[in-house]
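Per-entry structural report
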Amino acid sequence: MTTNNAPLMLSISGMRGLVGKSLTPTVAARFGAAFGSWLWANRRPGNEDNAAPVVALGRDSRQSGPMIEAAVASGLASTGCKVIRVGILSTPGVAIAANHLSADGGMVITASHNPFPWNGVKPLRHDGVAPPPEDSANIIERFHNNDFKYAEVDGLIRFEDFPTGDKHHVDEVLALVDVDLIKSANLSATVDSVHGAGGDEARHLLHALGVKLHHLYAAPTGDFPHIPEPTKENLVELSEQTAKLGADVGFAQDPDADRLAIVDENGTYIGEEYTLALCALHKLGQGQSVAANLSTSRMVDDIAANVGGKVIRTPVGEANVTQGMRDNNATLGGEGNGGIIDNRISQVRDSIIGMAYILELIAARKQPLSEIVKDIPAYAIVKDKAGVDPEVLKTMPDKMQAAFAEQRIDLQDGVRIDWEDKWVHVRPSNTEPIIRVIAEASDEAQAKELVQQVRDVLGLV
Ligand code: MG
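Attention here is on the structure that accompanies the text. (Residues numbered from 1 in each chain as written. Predicted model: local features only at pLDDT ≥ 70, side-chain atom pairs only at ≥ 80, totals over all residues. Heavy atoms only, no water.)

In this section: the coordination of the magnesium ion. Ideal geometry at a metal centre: 109.5 degrees between donors when four sit tetrahedrally, and 90 or 180 degrees when six sit octahedrally. On the protein side, the magnesium ion has Ser112 (OG), Asp254 (OD), Asp256 (OD) and Asp258 (OD) as donor atoms, found 2.0 to 2.1 Å from it. Within one chain, the residues donating to the magnesium ion are spaced in sequence as S-x141-D-x1-D-x1-D. Of the two residues, Ser112 sits in the loop between β5 (105-109) and β6 (118-125) while Asp254 sits in the loop between β10 (249-253) and β11 (260-263), which places them 142 residues apart along the sequence. Here Ser112 and Asp254 have matching classes, each one buried. (Donors = N, O, S within 2.8 Å, 3.2 Å for Na, K, Ca; no water. Helix = DSSP H or I, 4+ residues; strand = E, 2+ residues; numbered from the N terminus. Buried < 20%, exposed > 50% of the residue type's maximum accessible area, 1.4 Å probe, protein only.)

Written as structure tokens, this is what we have:
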């Protein structure tokens with residue numbers, strides 16, 4: 001992660017920047033005003049009259065959160081929107097609160113798993129969907145052009161607060177699982193909430209499911225005790241504690257609690273790729289579809305094939321996955337970064353529904369998690385990244401198509417090349433100034449070789 005002089009990132013994932021450098025209160029207020037102005041121009045169905053758009057505004061636990069929140073609230077309010085502050089809450093919690101409040105949109109102040117110096121702002125539409133590419137481009141254009149619709153003073157509305165978003169989120173999740181089944185299994189779990197926004201929601205959920213909880217870094221202080229991305233090297237303590245305490249499962253959330261990584265009862269890091277795979281194993285039925293982005297493990301293809309289901313592949317980014325879900329009547333979708341989406345409760349990745357489904361899976365199968373995992377064919381996935389040169393991006397599709405002319409090529413998002421038993425996907429990141437190369441094969445050596453082939457073709461250093 002670049003932490004010096006990184007430019008402001010504006011994409012389908014919203015805005016991210018370094019606090020005090022590329023991300024200042026001025027920038028945050030302008031982004032709020034851009035979104036507020038866009039909401040006035042794009043009324044939700046049934047609210048085409050002149051009622052002020054309502055926006056649910058939440059944040060993760062970062063130290064910069066209150067400052068950025070105040071600036072975004074100010075920008076939103078300046079356009080005559082009604083701002084309802086939902087406080088520190090997971091990203092899916094904000095989406096669910098927005099829906100509960102019949103809001104016209106939501107905004108989440110978070111830089112997700114980026115380190116402490118970062119923050120960001122993620123917009124959500126009235127239906128909790130991150131604005132799709134054309135809407136996102138329009139919001140960004142308004143931001144760049146200072147194309148704001150400021151209200152006059154009698155059009156300004158006082159802020160309101162909604163402090164119970166965590167309970168609403170958990171109630172929605174509980175309605176989708178067999179609470180009695182999970183309770184009867186007498187499960188225990190270790191959870192690492194990384195002092196992020198999702199600790200309260202995790203605690204409420206596990207309490208309601210009768211799961212004995214050992215909670216690491218529960219308080220939402222924003223003082224991340226380790227690098228907050230929920231990857232193996234950052235979750236050593238979770239692994240050790242899960243094994244030591246004999247818990248049935250270990251869960252790790254990222255700071256805005258939309259991602260979920262899993263550790264088995266032996267303390268072995270199963271990894272984020274397994275979050276969607278295990279949920280699909282548990283929930284996907286015959287004839288049903290699950291949506292996954294192009295960088296997500298083929299484990300989900302095997303699981304779908306096994307039950308006569310179908311996998312919809314989409315470009316990376318939650319908005320793209322949920323679009324694929326809506327287009328194909330899929331209730332389940334996700335991304336290989338531990339992002340699981342059930343669009344019956346929200347249109348964003350949700351660590352809380354992920355925990356509930358994994359606990360229900362363990363309870364239903366009456367097997368240790370390590371045994372359940374063995375039912376899924378294993379692959380090796382290698383995720384690499386490199387600094388990005390704009391010239392490389394321009395020539396990438398042509399170079400890749402020329403080099404891999406014999407293989408199946410998908411150009412929905414960067415370039416993905418498929419063989420019978422392996423694939424490689426290269427694309428620019430939406431949230432960081434880098435290019436990502438991801439490969440999956442039956443073993444690590446082959447996956448690494450695919451990554452190296454792409455690095456050679458594109459001349460990445
Ligand atoms: Mg996140």
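Still more ground to cover, so stick around.
Looking now at the packing of helix α9 (residues 273-283) against helix α10 (residues 299-307). Where α9 contacts α10, the two axes come as close as 9 Å, and the packing angle between them is 5°. On the basis of the axis angle, α9 is roughly parallel to α10. Mapping the contact onto sequence places Glu273, Tyr274, Ala277, Ala280 and Leu281 in α9 and Met299, Val300 and Ile303 in α10. When grouped by side-chain class, the residues that make up the contact of α9 with α10 number seven nonpolar, no polar and one charged. (Axes fitted to C-alpha atoms, helices over the stretch in contact; angles between N-to-C directions. Parallel < 35°, antiparallel > 145°, perpendicular 65-115°, else oblique. Contact = heavy atoms within 4.5 Å. Nonpolar A, V, L, I, M, F, W, Y, C, P; charged D, E, K, R; others polar.)

Before going further, it helps to examine the sheet that holds strand β9 (residues 212-216). Spatial strand order, β9-β8-β10-β11: four strands in an open sheet with mixed pairing. Each of the sheet's edge strands pairs with one partner strand only, and the pair in question is β9 and β11. Across the sheet, the mean angle separating the axes of adjacent strands is 20° when strand polarity is ignored. Running at roughly 165° to β9, helix α7 (residues 199-208) makes contact with β8 (188-192), β9 and β10 of the sheet. (Pairing = 2+ DSSP bridges.)

Inspection of every chain in the model, using the stated rule, returns four aromatic pairs. Centre to centre, the rings of Phe404 and Trp419 are 5.7 Å apart; their planes meet at 90°, and the pair counts as edge-to-face. One end of the pair, Phe404, is in the loop between α14 (390-403) and β17 (408-410); the other, Trp419, is in the loop between β18 (415-418) and β19 (423-428), with 15 residues separating them in the sequence. Geometry around Trp423 places Arg416 over its ring, the cationic atom sitting 4.3 Å from the centre. Looking at Lys422, its charged tip hangs above the ring of Trp419, at a distance of 5.3 Å from the centre. (Phe/Tyr/Trp six-rings, centres within 6.5 Å; stacked < 30°, edge-to-face > 60°. Lys NZ or Arg CZ within 6 Å of the ring centre and 35° of its normal.)

Attention now moves to the pattern of salt bridges. Under the defined criterion, the tally for this structure stands at 24 salt bridges. A salt bridge links Asp342 to Arg344; the nearest nitrogen and oxygen atoms lie 2.7 Å apart. Under the relative-accessibility criterion, Asp342 is labelled buried at 2%. Residue Arg344 is classed as partly exposed on the basis of its relative accessible area, which comes to 47%. Residue Arg455 is joined to Asp384 by a salt bridge in which the shortest nitrogen-to-oxygen separation is 2.3 Å. One end of the pair, Arg455, is in helix α15 (residues 444-458); the other, Asp384, is in strand β16 (residues 380-387), with 71 residues separating them in the sequence. Judged by its relative accessible area of 15%, Arg455 is buried. (Salt bridge = Lys/Arg side-chain N within 4 Å of Asp/Glu carboxyl O.)

With that out of the way, let us pick up the pairing of β11. Of the two faces of β11, the one holding Leu260 and Ile262 and the one holding Ala261 and Val263 are both buried throughout. Connecting β10 to the antiparallel partner β11 that follows it, the hairpin turn spans six residues, and Ala257 within it adopts a positive phi of roughly 60°.

Bringing the environment of Val290 into the picture now. Inspection of the secondary structure assignment puts Val290 in strand β12 (residues 289-293). Assessed through its relative accessible area of 0%, Val290 is described here as buried. In the structure, Val290 is positioned 32 residues away from Asp258 in sequence and 18 Å away in space, judged by C-alpha atoms. Dropping the residues within four chain positions of it, Val290 is found in contact with Leu276, Leu284, Val300, Lys310, Val311, Ile312, Ala330, Leu332 and Gly333.

What follows concerns empty space enclosed by the protein. Applying the stated criterion across every chain, the model contains one cavity of 30 Å³ or more. If you add up the space inside the largest cavity, you get close to 70 Å³. Around the largest cavity, the lining residues are Ser11, Ile12, Ser13, Gly14, Phe31, Lys122, Pro123, Ala130, Pro131, Ser136, Ile139 and Ile140. Listed by contribution, the elements that provide at least two residues to the lining of the largest cavity are β6 and α4 (133-145). Ranked by the residues each element gives to the lining of the largest cavity, the list is headed by α4, at three residues. Of the residues belonging to the lining of the largest cavity, the class tally is seven nonpolar, four polar and one charged. (1 Å grid on protein atoms, 1.4 Å probe; cavity = no way out; pocket = protein on both sides within 12 Å on 5 of 7 lines; lining within 4 Å. Points joined across faces, edges and corners; volume = space filled by probe spheres on them.)

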